[in-house]
Amino acid sequence: SLERRSDVIGRVLTPEGRREVVAGFHRLHAGLETGLARWLGEVDGLDFEGRRRGPLLEADLRALGVPVLLASGAPRAGGRGEALGQLYVLEGSALGGAVIRKQVLKSGGDLAGLGFLNPYGDAVGARWRSLLSIIAREAAAGGGVEPMITGAWAAFAFADACLSADPVDV
């Protein structure tokens, strides 16, 4: 599984691992977000700009003394459905961020340079449910779920390439 291959919790407990993980999340989010803006900027109720974590990750990289590099290699969505599938993966990582934060603190680590893991504060659950409602609405409006599944699989493969401790290029 990606969770096992990425070992995010174990890696963020060391300075070098933390820098690698944050750089990987930056590549994932900034890379996908660039292509998603075209398709999702006008989706009713989505607030795509408010969901972007690229800027948070850039701030975290600067805090960790890591240069912000151009994110490359991200798959490009071919339409709104694929874009929503990719966003589903990105937003799912916000839920995982709460788990990672708790585990880091439990392990005696700090949260320096990990602000991206808490993009919505206490609203993370509400933002997730909102996305699920929008996805259901868009699928019912005629787009179906197939493009969303295609987009999600592409985003999961890219996440694996960006976050695995032993990454594979996409």
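The structure we're discussing is the one just above.
Draft legend 1. Up close: the overall build of the chain. The helix and strand inventory of the chain stands at 8 helices and 0 strands. Its helices and strands in sequence order give the chain the pattern α-α-α-α-α-α-α-α, from N to C terminus. Principal-axis analysis of the C-alpha atoms places the extent of the chain at approximately 50 × 35 × 30 Å. The 170 residues of the chain split such that 42% are buried. Split by element, the accessible area of the chain, about 8,500 Å² in all, is 56% carbon and sulfur.

Draft legend 2. Summary view of the packing of aromatic side chains. One pass over the full model with this rule turns up 3 aromatic pairs. Relative to Phe-116, the ring of Phe-25 lies with its centre 4.9 Å away and its plane at 45 degrees, an arrangement referred to as tilted. Here Phe-25, found in helix α3 (residues 15-40), pairs with Phe-116, found in the loop between α6 (80-106) and α7 (124-143); they are 91 residues apart in sequence, far enough to count as distant. For the pair Phe-25 and Phe-116, one class covers both residues: buried. Here the guanidinium or amino end of Arg-127 rests over the ring plane of Tyr-120, the centre of that ring lying 4.6 Å away.

Draft legend 3. Layout of unusual backbone geometry. With phi around 55 degrees, Asp-47 is a residue other than glycine that occupies positive phi space. Looking at the secondary structure, you find Asp-47 in the loop between α3 and α4 (48-51).

Draft legend 4. Representation of the nonpolar core. If you look at the biggest cluster of nonpolar residues, it comprises 40 residues, and the most contacted ones within it are Phe-25, Leu-28, Leu-32, Leu-36, Leu-40, Leu-46 and Leu-87. Every element with two or more residues in this core is listed here: α3, α5 (54-63), α6, α7 and α8 (146-163). Apart from the residues within four sequence positions on either side, Leu-87 is in contact with Leu-36, Leu-40, Leu-46, Phe-48, Arg-51 and Leu-131.

Draft legend 5. Region of interest: the side chain of His-26. Note that His-26 resides in helix α3. What makes His-26 buried here is its relative accessible area of 4%. Not counting the four nearest positions on each side in its chain, His-26 is found in contact with Gly-31, Gly-54, Leu-57, Glu-58, Leu-61, Val-68, Leu-69 and Ala-71.

Draft legend 6. Geometry of the packing of α3 against α6. Relative orientation of the contacting elements α3 and α6 amounts to 150 degrees, with a least axis distance of 9 Å. In this view, α3 runs roughly antiparallel relative to α6, as classed from their interaxial angle. With respect to the hand of their crossing, α3 and α6 are arranged in left-handed fashion. Residues Arg-18, Phe-25, Leu-28, His-29, Leu-32, Glu-33, Leu-36, Trp-39 and Leu-40 of α3 form the contact with α6, whose participating residues are Arg-80, Ala-83, Leu-84, Gln-86, Leu-87, Leu-90, Ser-93 and Val-104. By residue class, the composition of the contact of α3 with α6 is 11 nonpolar, 3 polar and 3 charged.

Draft legend 7. View of the packing of α3 against α5. With their axes 9 Å apart at the nearest point, α3 and α5 run at an angle of 150 degrees to one another. The angle between α3 and α5 falls in the class roughly antiparallel. As α3 packs across α5, the resulting crossing turns out to be left-handed. Contacts from Val-22, Ala-23, Phe-25, His-26, His-29 and Glu-33 in α3 reach Gly-54, Pro-55, Leu-57, Glu-58, Asp-60 and Leu-61 in α5.

Calculation criteria
- Residues numbered from 1 in each chain as written.
- Predicted model: local features only at pLDDT ≥ 70, side-chain atom pairs only at ≥ 80, totals over all residues.
- Heavy atoms only, no water.
- Helix = DSSP H or I, 4+ residues; strand = E, 2+ residues; numbered from the N terminus.
- Buried < 20%, exposed > 50% of the residue type's maximum accessible area, 1.4 Å probe, protein only.
- Areas by Shrake-Rupley, 256 points an atom, 1.4 Å probe, with all protein chains shown as cover.
- Phe/Tyr/Trp six-rings, centres within 6.5 Å; stacked < 30°, edge-to-face > 60°.
- Lys NZ or Arg CZ within 6 Å of the ring centre and 35° of its normal.
- Core = buried A, V, L, I, M, F, W, Y, C linked by side-chain atoms within 4.5 Å.
- Contact = heavy atoms within 4.5 Å.
- Axes fitted to C-alpha atoms, helices over the stretch in contact; angles between N-to-C directions.
- Parallel < 35°, antiparallel > 145°, perpendicular 65-115°, else oblique.
- Left-handed = near helix turned anticlockwise from the far one by under 90°.
- Nonpolar A, V, L, I, M, F, W, Y, C, P; charged D, E, K, R; others polar.

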